[in-house]
Amino acid sequence: MGSRSPLFVAVLSIIVLLICAATASAITTQTFVPTTINYPGATSTQARGINNPGEVVGTYVCTSPCTNPITGEVSTAGTHGFLLQGGIFTRIDVPGASATIPRGIGEQGIIVGQYTAAGVIHGFTYLDGTWQYPIDVPPALFDNLGSPRHTLVVCISPQGELVGCYHEDNLTMTTMHGWLLRNGEFIELDTPHFPGDTGHHDPDTMNNGISATGEIVGYYFSSGISYIADEIGVVTKFTVDGNLFTLAYGVNPRGDIVGVYGTNQADTVGSPVSPRGFLRSREGEYQSLVVQGASNTQVFGISSPGDIVGQYTDGTGTHGFVYRLSRGNH
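Residues numbered from 1 in each chain as written. Predicted model: local features only at pLDDT ≥ 70, side-chain atom pairs only at ≥ 80, totals over all residues. Heavy atoms only, no water.

Caption draft 1: Just the overall build of the protein, in detail. Within the protein, the regular secondary structure consists of one helix and 27 strands. By residue count, 50% of the 330 residues in the protein fall in the buried class. For the protein, contacts bridging at least 24 residues in sequence account for 44% of all contacts bridging at least 6. Surface accessibility of the protein: about 14,600 Å² in total, with carbon and sulfur atoms responsible for 55%. (Helix = DSSP H or I, 4+ residues; strand = E, 2+ residues; numbered from the N terminus. Buried < 20%, exposed > 50% of the residue type's maximum accessible area, 1.4 Å probe, protein only. Contact = heavy atoms within 4.5 Å. Areas by Shrake-Rupley, 256 points an atom, 1.4 Å probe, with all protein chains shown as cover.)

Caption draft 2: Spatial organisation of the sheet that holds strand β27 (residues 317-324). Within the open sheet, the four strands sit side by side as β2-β27-β26-β25. Their pairing is antiparallel. Either end of the sheet is taken by a strand with one partner, and the two such strands are β2 (35-37) and β25 (296-302). For this sheet the average axis-to-axis angle between neighbouring strands, irrespective of direction, equals 30°. Bridge analysis of β25 against strand β26 (residues 307-314) gives six bridges, and the strand direction is antiparallel. By the bridge assignment for β26, Val299 is matched with Gly310. (Pairing = 2+ DSSP bridges. Axes fitted to C-alpha atoms, helices over the stretch in contact; angles between N-to-C directions.)

Caption draft 3: Expanded view of the side chain of Ser211. With respect to the secondary-structure elements, Ser211 resides in the loop between β17 (205-210) and β18 (216-220). Those residues in contact with Ser211, other than ones at most four positions away along the chain, are Ser157, Pro158, Gln159, Val251, Asn252 and Pro253.

Caption draft 4: Layout of the sheet that holds strand β4 (residues 56-62). Overall, antiparallel pairing links the four strands, which are arranged β3-β4-β7-β8 in an open sheet. The open sheet has two free edges, formed respectively by β3 (44-50) and β8 (88-92), since each of these has just one partner strand. Sheet twist, expressed as the average angle between the axes of neighbouring strands with direction ignored, equals 30°. Pairing analysis gives six bridges linking β3 to β4, with the strands arranged antiparallel.

Caption draft 5: View of the packing of aromatic side chains. Per the counting criterion, the structure on display carries 19 aromatic pairs. With 5.6 Å between their ring centres and 85° between their planes, Tyr115 and Tyr133 make a pair best called edge-to-face. Of this pair, Tyr115 sits in strand β10 (residues 111-117) while Tyr133 is found in strand β12 (residues 130-135), placing the two residues 18 residues apart along the sequence. Judged by its relative accessible area of 6%, Tyr115 is buried. Overall, the relative accessible area of 35% leaves Tyr133 in the partly exposed class. Connected via pairs of aromatic rings, a cluster forms that spans Tyr115, Phe124, Tyr126, Trp131 and Tyr133. A cation sits over an aromatic face here: Arg149 above Phe142, 5.9 Å from the ring centre. (Phe/Tyr/Trp six-rings, centres within 6.5 Å; stacked < 30°, edge-to-face > 60°. Lys NZ or Arg CZ within 6 Å of the ring centre and 35° of its normal.)

Caption draft 6: Seen up close, the environment of Gln85. In this structure, Gln85 sits in strand β7 (residues 78-85). In this structure Gln85 comes out as partly exposed when scored by relative accessible area, which is 41%. Separated by 24 residues in sequence, Gln85 and Gly109 have C-alpha atoms that sit 10.0 Å apart. Among the polar contacts made by the side chain of Gln85, one reaches the side chain of Glu55 at a distance of 2.5 Å. (Polar contact = N/O pair within 3.5 Å; in protein donor to acceptor, adjacent residues only side chain to side chain.)

Caption draft 7: Main features of the pairing of strand β20 (residues 234-238). Sheet analysis places strand β19 (residues 225-229) next to β20, joined by four bridges and oriented antiparallel. If you follow Tyr227 over to β20, its bridge partner there is Lys237. Joining the antiparallel neighbours β19 and β20 is a turn of four residues.

Caption draft 8: The arrangement of unusual backbone geometry in detail. Residue Pro134 is reached from Tyr133 by a cis peptide bond, and omega for that bond is -5°. The residue Pro134 is located in strand β12 in this model. Look at Ser274: it is not a glycine, yet its phi comes out positive at around 50°. Its place among the elements puts Ser274 in the loop between β22 (257-265) and β23 (276-280).

Caption draft 9: Examining the state of the cysteines more closely. For the structure shown, the criterion picks out one disulfide. Paired through a disulfide, Cys62 and Cys66 show a sulfur-sulfur distance of 1.8 Å. There is no split in this pair, since Cys62 and Cys66 are both buried. (Disulfide = S-S within 2.5 Å.)

Caption draft 10: Geometry of the environment of Gln132. Topologically, Gln132 is positioned in strand β12. Taking the relative accessible area as the measure of exposure, Gln132 reaches 48% and is therefore partly exposed. Residues in contact with Gln132, not counting those within four places in the same chain, are Gly123, Phe124 and Thr125.

Caption draft 11: Quick look at the confidence of the model for the protein. The pLDDT averaged across the protein works out to 89; a share of 89% of its residues lies at or above 70. Overall, residues 1-25 carries pLDDT values under 50, and its contacts beyond four positions in sequence, including any with other chains, amount to four contacts. (pLDDT = per-residue confidence, 0-100.)

Caption draft 12: Structural detail: the pairing of strand β16 (residues 185-188). Here β16 shows a buried face lined by Phe186 and Glu188 and an unburied face lined by Glu185 and Ile187. Where strand β15 (residues 177-182) lies against β16, four bridges are found, and the strand directions are antiparallel. Paired with Leu181 across the two strands is Phe186, which belongs to β16. Hairpin connection between β15 and β16: a loop of two residues separates the two successive antiparallel strands, and Asn183 in this loop has a positive phi of roughly 55°.

Written out as structure tokens, the structure reads:
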């Protein structure tokens, strides 16, 4: 085939742009009124994980020591975890930690997350008064053994597999790597550069969700490109329609994925601008998720029945939420 004329190339470029614009405008928006979650007495609240029975975990922040008016319990200034079960809040703080962040809860009620002690972040699990901590990625996986070594546990599957990431160089986002913990072995996320490629472990990846089927979701944070992976490595990458900055956080057994996206393009700014939630169906169709009256909406988890959790900000502050997606939207 001969070379194409400049006019042909210009026309083709315009057609591609029009197709992309049409695709970007095709995303629908579901504006909803959720059930708001506010830890009693806290300055702000964030819901981070939910299981099929409807138990919710998350964090709350006290800018100064705050008192739960229902129980009289006093929380120190800082970040604390909570479990919301049957309408009752239970504080979740790793003993001796300066901050505790529960990120997920399994079908058996096992809570997973991270805590900070002496300036280093470690993972933990918790169930009915029994703690397992610290959970740390082995030093052999780190590139820089002299830097602080941080381990974040983000989610647990029904089979007890954990996913998360580890950070080097004092939490620099471009030094994090996603991992899977299965049968006592940490498996670092493989990031192939081309089909059939193996052995690459690019930095800047974070594994956030794992379903009963073993499907893992996460993202390249600095570029705002999300991925679907298995135990071998990244299978596919995706962004919300229009190539927007996309951070995937949760996945259910059906293959529905939720997360946060921005109005900015991927590969531009290192965080989503004007964040809002998204739902990606197993068929690859996208829907924007926006809390009515909120200036931003972020979605972090989804259960099999279609309950989503996250946070929203409005004129009164930042609140956690839970909401059941309507049938046909998950």
